[in-house]
Amino acid sequence: NNAYCNQWVVPTEGLVRACLALGRERHAEEYELGVRNLLAALDAHGAQGEFDEGLTYAMVTVTSMIHAARAMAVTGDMRALKHPFLQRFPTWVAHHFQPGEMLVNAFDSGWAVRSGQWRLRPLLSALAACIGSRAALWTLTSLAGGPSTDPAGLAARLLPPASDADAP
């Protein structure tokens, strides 16, 4: 019962998405369990979008959160997509980009030099495409080298270009 970690979030994403695929009405109780678990995980992280486990774990954990939230939103359930953590998380990621081609050297990763930026492209692409984050799109196109080549990156390429007004 540890909503904070990826071992909680990844199975929760699976439960939510399985219920949606198999019929939300048919699996209403299981779906609500998944949603409660997802909301507990979102609540476990910083109100300003900060993810205490650092960028590396965020790439796994938050990516699951994003995809579960997007799947819910497609069916009209906006509870996760509009959660303050998900809405503010893209700015937290953007603040890792520092002058001089450097990234904040989070405790969980060895990438201080921005040559590791390619690792952030799938996460930023998912934030732009799945939750509509203009801050993520600006960071992706202005600082991280552009969208990834995965499905989220392909979707991010279709978004209207980010402007300086979108900068976090």
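Keep in mind that this is a model prediction, so the values were computed, not measured.

Engineer: Describe the packing of aromatic side chains, listing the residues and the values that go with them.
Structural biologist: Any two aromatic rings considered together are summarised by their centre-to-centre distance and by the angle between their planes. Taken as a whole and assessed by the stated rule, the structure comprises two aromatic pairs. Pairing F85 with F89 gives two aromatic rings, centres 5.5 Å apart and planes at 40°, and the pair type is tilted. Here the residue F85 and the residue F89 both occupy positions in helix α4 (residues 84-94), the gap between them amounting to four residues, near one helical turn. Exposure remark for F85: the relative accessible area of 1% places this residue in the buried category. Within the aromatic cluster, the residues linked to one another by ring pairs are F85, F89 and W92.

Engineer: Tell me about the pattern of salt bridges, residues and numbers included.
Structural biologist: This model, assessed by the stated rule, comprises five salt bridges. Across the pair E13 and R17 runs a salt bridge, and its minimum N-O distance is 3.1 Å. With E13 and R17 both in helix α1 (residues 6-22) and four residues apart, this pair spans about one turn of that helix. E13 sits in the buried class, given a relative accessible area of 15%. Take R17: its relative accessible area is 37%, and that puts it in the partly exposed class.

Conventions used here
Residues numbered from 1 in each chain as written. Predicted model: local features only at pLDDT ≥ 70, side-chain atom pairs only at ≥ 80, totals over all residues. Heavy atoms only, no water. Phe/Tyr/Trp six-rings, centres within 6.5 Å; stacked < 30°, edge-to-face > 60°. Helix = DSSP H or I, 4+ residues; strand = E, 2+ residues; numbered from the N terminus. Buried < 20%, exposed > 50% of the residue type's maximum accessible area, 1.4 Å probe, protein only. Salt bridge = Lys/Arg side-chain N within 4 Å of Asp/Glu carboxyl O.

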